[in-house]
Structures are given as C-alpha cells and as structure tokens.
Amino acid sequence: MDINQYKNIIEINDEVNSEFEVTKILKKYPKDTVILNNVKGYDIPIISGICNTRDKIAASINCEVNEITQKIIEASDNPVKVENFTDLSDYNENDADLSKIPILTHYKRDSGAYITAGVVFAKDPVTGIQNASIHRMLVLDNDKLVIRIVPRNLYTYFQNAQKLGKDLDIAIAIGMDPGILLASTSSIPIDYNEMEVANAFKNGELTLVKVGDLELPQADIILKGKISVSETVKEGPFVDLTDTYDVIREQPVINLSKMYIKKENPYYHAILPAGFEHKLLQGLPQEPRIFKSVKNAVPTVENVVLTEGGCCWLHAAISIKKQTEGDGKNAIMAALSAHPSLKHAVVVDTDVDVFDPQDIEYAIATRVKGDRDIVIVPNVRGSSLDPVAEVDGTTTKICVDATKVLKTLEKFERVSFSE
C-alpha cells in the first residue's frame, strides 16, 4: 500500500493493544487516516481511514466528490480488461498463521477478532467467472475463519459449490488502494469482473497477481484457502452500519492454507465497524443504482447521496431539476424501488447542496407542506439493519418532496444566491 497518497496522516507510535484499545483510538479520529506503528505482539502496523471521506474516495478515482456517482457508472458500464500481471516474488510465503496479523477485537460484546477490510476473491465453479467482494470474517483459530455471506454473487458461487460437493477456492486480499476497494463493493451484473471496473478507475494500468487460479490486486496481505461447503459455526455478534449489533447466524467456515505478506512495508488495513469507512464503502456504491432508477422516472435528476447520518444506507438525498409537479414523488418511488433498504428520502431542487445537511434542512423548512409533500408507505420490506423494523424486515418508509412549487417560484428565490 502506497501511504504517500494520503495527506495529514496521524501516526501513533505508543504501544497499543489490538483488543479494544485500537478501536478507542480510531474513534477519536473518525475522518482521519491513522497509522498505528506499535501494536503489542505484532511486527505489522495497522492503517485505518484510507477511504473514510468522499474526498479520499474521489481522489482515488480521479474525480470531484459530486462526480463519484457518474464515475462509478462509467467504469461499471465500460470495464477494462486487465493486461498486466506479476508473480508473488514481492511476498514472503508461509503457512497460514493469523496470529502474525494484528486483527482487531473491536467491542466487548464481540465474539472475537474480526477481519473487516478483507476482499474475498472466488470463481464460480460452474461458469468460471471471478467475483470480488468485502466480507466480515471472525477469527476461529490461526488458520480458520467464519465468513458472513449475504445472498449476492459469492453466495451464488458458494451454493454452486455445495451442489457440486466441493469446497470453494478463495483468496482474501487486505491492504489495497481505495479505488480497488470501491470497485470490489460495486453493484455490477454477476457475469462482470470487479477488477475490470477497478482497471477502468486506474485507466488500464492495474496490475494483478495470480494466486492459484485467482487474479488479485497487489495487496499487502493475501490469505489463501477454501470455504467449506459442509462446516458451519455461529458468527456474531458484530457491530453493523447502524452502530448496533447484528444477529448471530450459522455461517460457513474458511480453512486457510497459505499466507503471503509483502516483503517491504506491509500494513494491515482495519475498517472500524460503523465508522465512516464502513458506511461509505457499503453505501456509496448503491448510489449509482438509485441514480439510474430515478433517471428512468425523472430524466433531470442531478445527484443521489446516501447520507452519512443515515448510515449511508437508510437515508437518501436526491437532487432534481424539477420540470412538472409530481417529479419529486416520482423520484421518491423510483429510489425506494432501487434500494429496498431505503427508509427515508428527501428530494430537493438543484439549488440545494445534497452533501450539506444544513442545506437539506433549509429545503425541508421552507418548501415542505406536510399534508401535500410527505409520503408515508406502511408495511413494506426494509433493511434488516434497521433496529425498529419487524423481525421479517417490515417497516414504514417516510419520504419528503422538498422541491419548490413551480407556479410560485418567485416565493422560493434564495436572495443570497442571486445577489
């Protein structure tokens, strides 16, 4: 990992403990990049916060903050085949031994130490298509993990492996560029390769390393193993996006065989659960999907933001250039259908900054008439992460059309914008 790309790094040289103490330090610096050089019992330093702001993510994919959504759409629609490959000569190879890595135990109710920035690479045993995705993984032993798999691409690969009765080969990459992490979390069709999206971000200059049959970025730490199709254990509790504990589930076990660590200056990347890095990496890649859906209904949509205050998952702010009455509500319906976990949304005009909570509140204060502009949708499926949702995820969604009334536009003119 090239740390020279990060500005204003906070370095902690005092000895710290990987159990609870590092978490306390990271919580003091929620939007900074932090390096902990002296983790008790380990030779590898910890880095955190490499993509905990939109500014850092934008810089990693060479765009402005308000261009991130369009940049993701462009890269996802125009992936670039990777042509550059290298070998593992820059790595020390050993049998897998997680005791050599400063994996954090974050909170006292956690069931153990969790890998939180590990990107899992696997190939569909049926089609041979490779997938990359971030998953939380609980340490069970020095060569054993349990992985939380949600019903997406890796889950499909795992199901196919189960049908074949053969464990699924994987590799786990830790310590990568934010643009590659962003590509790994992008919502693309199951027959697309996330590394080709990453290569589009990197203008065709991405270099991959081959680990067995898999092609990975040049991460600081690479773990090789298999997801067992027959062995499961309880996973959790774990603090999720909403800063509340997720439920305990039976999940598949990973049996590790090899470990590759960069020979020069390796770092262990740790993402703080429920921190801004966690929220942005999970939520921000959903914004293009919402944008596309809203654009089908309201072609003049300008931007969509899943807000940090809404955990980058439950709340959206949508900017449109309103042309007819009803555009705001059409945008709301399209957003809800695109991101079923969405709980609250507000639609604003283009003179309102969707990245500024104060400006959004201004629009609600001056442009909303409750009986006309508030949409309540009861008894619908929401997010399993929402603490007030029913056991099956059922909840009530509330959305606000905070756009100007077209027939009285002069009443809403912002003087500070025009003089």
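Residues numbered from 1 in each chain as written. Predicted model: local features only at pLDDT ≥ 70, side-chain atom pairs only at ≥ 80, totals over all residues. Heavy atoms only, no water.

Novice: Help me understand the pattern of salt bridges, please; the structure alone is not making it clear to me.
Specialist: Side chains that differ in sign of charge can pair as their charged atoms come close. One pass over the full model with this rule turns up 22 salt bridges. Across the pair Lys329 and Asp401 runs a salt bridge, and its minimum N-O distance is 4.0 Å. Remark: Asp401 occurs in strand 21 (residues 394-402) and Lys329 occurs in helix 9 (residues 327-338); sequence separation between them is 72 residues. The exposure class assigned to Lys329 is partly exposed, which follows from its relative accessible area of 29%. Through salt bridges that share partners, Arg136, Glu235, Asp240, Asp246 and Arg249 make up one connected network. (Salt bridge = Lys/Arg side-chain N within 4 Å of Asp/Glu carboxyl O. Helix = DSSP H or I, 4+ residues; strand = E, 2+ residues; numbered from the N terminus. Buried < 20%, exposed > 50% of the residue type's maximum accessible area, 1.4 Å probe, protein only.)

Novice: Can you help me understand helix 10 (residues 357-367) in this one?
Specialist: Working note: α-helix, 3.6 residues per turn, so residues spaced by three or four point in the same direction. Buried residues of helix 10: Asp359, Ile360, Ala363 and Arg367, and no others. The arc that holds the buried residues of helix 10, viewed along the axis, is 105°, so those residues lie on one side. Pointing more than 90 degrees away from the buried face of helix 10 are the exposed residues Pro357, Gln358, Glu361 and Ala365. Considering only its buried residues, helix 10 is in contact with strand 18 (315-320), strand 19 (344-349), helix 11 (370-373) and strand 21. N-cap assignment for helix 10: the residue whose side-chain oxygen lies 3.0 Å from the backbone N of Gln358 is Asp356. (Arc of directions from axis to C-beta. Contact = heavy atoms within 4.5 Å. Polar contact = N/O pair within 3.5 Å; in protein donor to acceptor, adjacent residues only side chain to side chain.)

Novice: I tried to follow empty space enclosed by the protein on my own but got confused; where do I start?
Specialist: Any space left empty among the atoms is revealed by the rolling of a water-sized probe across them. The final tally for this structure, using the stated rule, is one cavity of 30 Å³ or more. In this structure, the largest cavity occupies an estimated 100 Å³ of space. Partitioned by chemical class, the residues of the lining of the largest cavity number six nonpolar, four polar and two charged. (1 Å grid on protein atoms, 1.4 Å probe; cavity = no way out; pocket = protein on both sides within 12 Å on 5 of 7 lines; lining within 4 Å. Points joined across faces, edges and corners; volume = space filled by probe spheres on them. Nonpolar A, V, L, I, M, F, W, Y, C, P; charged D, E, K, R; others polar.)

Novice: Before we go on, may I ask you to explain the sheet that holds strand 17 (residues 301-306) in this structure?
Specialist: Pairing between the strands of a sheet is mediated by backbone hydrogen bonds and can be parallel or antiparallel. With mixed pairing, five strands are arranged side by side in an open sheet as 17-18-19-21-20. Lying at the two open borders of the sheet, with one neighbouring strand each, are strand 17 and strand 20 (374-381). If you compare each strand with its neighbour and ignore which way they point, the axes differ by 15° on average. Of the strand pairs in this sheet, strand 17 and strand 18 are connected by five bridges, and their pairing is antiparallel. Bridged to Asn303 within strand 18 is Ser319. Against the sheet, helix 9 touches strand 18, strand 19, strand 20 and strand 21, its axis set at about 150° to strand 21. (Pairing = 2+ DSSP bridges. Axes fitted to C-alpha atoms, helices over the stretch in contact; angles between N-to-C directions.)

Novice: Sorry, what's going on with helix 4 (residues 153-164) here?
Specialist: The end-to-end C-alpha distance of helix 4 is 17 Å, a good match for the 16 Å that twelve residues give at a rise of 1.5 Å each. Taken together, the buried positions of helix 4 are Asn153, Leu154, Tyr157, Phe158, Asn160 and Ala161. Looking down the long axis of helix 4, one finds its buried residues gathered within 160° of arc, a one-sided arrangement. A positive phi of about 70° marks Gly165, the residue just after helix 4. (Expected span 1.5 Å × (residues − 1).)

Novice: Honestly, the packing of aromatic side chains in this entry has me stumped. Any pointers?
Specialist: Aromatic rings considered in pairs are described by the distance between their centres and by the relative angle of their planes. Taken as a whole, this structure holds one aromatic pair when the rule is applied. On the numbers, 4.6 Å between centres and 55° between planes, the contact of Tyr114 with Phe238 is tilted. In this pair, Tyr114 sits in strand 6 (residues 114-115) while Phe238 sits in the loop between strand 14 (221-235) and strand 15 (249-262), placing the two residues 124 residues apart along the sequence. Across the pair, Phe238 and Tyr114 agree in class, each one buried. Over the face of the ring belonging to Phe276 we find Lys31, whose NZ or CZ atom lies 4.6 Å from the ring centre. Just above the ring of Phe85 sits the side chain of Lys210; from NZ or CZ to the centre is 5.1 Å. (Phe/Tyr/Trp six-rings, centres within 6.5 Å; stacked < 30°, edge-to-face > 60°. Lys NZ or Arg CZ within 6 Å of the ring centre and 35° of its normal.)

Novice: I tried to follow the packing of helix 8 (residues 287-297) against helix 9 on my own but got confused; where do I start?
Specialist: Two quantities define a packed helix pair, namely the angle between the axes and the distance from one axis to the other. Packing of helix 8 against helix 9 brings their axes to within 8 Å, and their N-to-C directions diverge by 140°. Regarding the angle of helix 8 to helix 9, the classification is oblique. Here helix 8 and helix 9 pass one another in a crossing that is right-handed. Contact with helix 8, carried on its side by Arg289, Ile290, Ser293, Val294 and Ala297, involves Asn330, Ala331, Ala334, Ala335, Ser337 and Ala338 of helix 9 and no other residues of that element. Residues belonging to the contact of helix 8 with helix 9 are distributed by class as follows: seven nonpolar, three polar and one charged. (Parallel < 35°, antiparallel > 145°, perpendicular 65-115°, else oblique. Left-handed = near helix turned anticlockwise from the far one by under 90°.)

Novice: Even after reading the chapter, I still don't get the layout of surface pockets, so can you show me in this structure?
Specialist: In this structure, the second largest pocket encloses a volume near 450 Å³. Lining the second largest pocket we find 25 residues, and of these Thr307, Glu308, Val354, Pro357 and Ile360 sit closest to its centre. Of all the secondary structure elements, the ones that give two or more residues to the lining of the second largest pocket are helix 2 (54-60), strand 18, strand 19, helix 10 and strand 21. A breakdown of the residues in the lining of the second largest pocket according to their chemical character gives 14 nonpolar, six polar and five charged.

Novice: Looking at this structure, how should I read the sheet that holds strand 2 (residues 34-36)?
Specialist: Pairing in this open sheet of four strands is mixed, and the strands run 1-2-3-16 from one edge to the other. Edge positions in the sheet fall to strand 1 (10-12) and strand 16 (268-269), since each of these pairs with one other strand and no more. The pairing of strand 3 (residues 46-48) with strand 16 spans two bridges and is classified as parallel. The residue bridging Ile46 from the neighbouring strand is Tyr268, located in strand 16. Its contacts with the sheet place helix 1 (residues 21-28) against strand 1, strand 2 and strand 3, and it is angled at close to 155° to strand 2.

Novice: Looking at this model, I keep getting lost on unusual backbone geometry. Mind explaining?
Specialist: Among all residues save glycine, negative phi is the norm, and among peptide bonds the norm is trans. Here Gly236 and Pro237 are connected by a cis peptide whose omega angle stands at 5°. Its location among the elements puts Pro237 in the loop between strand 14 and strand 15. Phi is positive for Asn203, which is not a glycine, with a value near 55°. Within the element layout of this structure, Asn203 appears in the loop between helix 6 (194-201) and strand 12 (207-211).

None of the figures reported here should be taken as evidence of function without further support.
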